[in-house]
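# Chain and residue survey
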Amino acid sequence: TAEPSKAPTPNTFFCGETYQDAEQNCFTATPCPNGSGCPAGESCYGIAIPKCVSASPTAAPTDAGPQPTDSPTLSPKPTSAPVIKTAEPSKAPTPNTFFCGETYQDAEQ
């Protein structure tokens, strides 16, 4: 039987121009778990607070979001009737008037 895996260790090292910058923007900042790899002009800072660790999932949403209305909403009425354009009828196809035969009567039949 295999042993259970350990929970992942959350990253607490983030890039920023200052410690405050890294701390305030840790969800969008470049992570630097090895202490390097930051863009030019930024350094890697260890954020010692749990602010940058996502909360555990909850069974229900923490924000209910928009709720449905009691009655449906109606679209505004059109300002004018739609215009339907019809295409010109196509020309009838040209019938085939060339037929094969040994004689005219043979081809005509």
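Residues numbered from 1 in each chain as written. Predicted model: local features only at pLDDT ≥ 70, side-chain atom pairs only at ≥ 80, totals over all residues. Heavy atoms only, no water.

## Details of the packing of aromatic side chains
As a reminder, the rule being used: Working definition: a ring pair exists when centres of Phe, Tyr or Trp rings (six-membered ring for Trp) sit within 6.5 Å. Plane angles under 30 degrees give stacked, over 60 give edge-to-face, the rest tilted. Secondary structure is summarised from DSSP: a helix means a run of H or I of at least four residues, a strand means a run of E of at least two, and numbering begins at the N terminus for each. Only protein chains enter the accessibility calculation, which uses a 1.4 Å probe; a residue whose area is less than 20% of its type maximum is buried, one above 50% is exposed, and one in between is partly exposed.
Counted according to the given criterion, the structure contains one aromatic pair. Considering the side-chain rings of Tyr19 and Tyr45, the 6.2 Å spacing of their centres and the 90 degrees angle between planes classify their relative orientation as edge-to-face. Placement of the pair is Tyr19 in helix H1 (residues 19–24) and Tyr45 in strand S2 (residues 43–46), with a sequence separation of 26 residues. Since its relative accessible area comes to 28%, Tyr19 is described here as partly exposed. Residue classification places Tyr45 among the partly exposed positions, given a relative accessible area of 22%.

## Concerning the confidence of the model for the protein chain
Note the threshold: As a per-residue measure, pLDDT tells how confident the predictor is, with possible values from 0 to 100.
Per-residue pLDDT for the protein chain has a mean of 78; in total, 86% of the residues score no lower than 70. The least confident element of the protein chain is helix H2 (residues 104–108), whose mean pLDDT is 76; the most confident is S2, at 92.

## Comments concerning the state of the cysteines
Inclusion rule: Put simply, a disulfide is two cysteine sulfurs that come within 2.5 Å.
Scanning all chains against the criterion turns up two disulfides. The side chain of Cys15 participates in a disulfide bridge whose partner is Cys38; the two sulfur atoms lie 2.0 Å from each other. The sign of the -85 degrees torsion about the S-S bond sets the Cys15-Cys38 disulfide as left-handed. Residue Cys15 is found in strand S1 (residues 13–16), and its partner Cys38 is found in the loop between H1 and S2; the two are separated by 23 residues along the sequence. We classify Cys15 as buried; its relative accessible area is 2%. Given a relative accessible area of 21%, Cys38 falls into the partly exposed group. Each sulfur in the disulfide pair Cys32 and Cys44 lies 2.0 Å from the other. In this structure, the disulfide formed by Cys32 and Cys44 twists by about 90 degrees around the S-S bond and is classed as right-handed. With Cys32 in the loop between H1 and S2 and Cys44 in strand S2, the pair connects residues that are twelve residues apart, well separated along the chain.

## Quick notes on the nonpolar core
Generally speaking, soluble globular proteins have nonpolar side chains that are buried together. Using the following cut-off: What is meant by a nonpolar core is a set of buried Ala, Val, Leu, Ile, Met, Phe, Trp, Tyr and Cys residues, joined one to another through side-chain atoms within 4.5 Å. It only takes one pair of heavy atoms within 4.5 Å for two residues to be counted as in contact.
By size, the foremost hydrophobic cluster in this structure holds six residues: Phe14, Ala22, Cys26, Ala29, Ile47 and Cys52. When sequence neighbours within four positions are dropped, the list of residues in contact with Cys26 reads Phe14 and Cys52.

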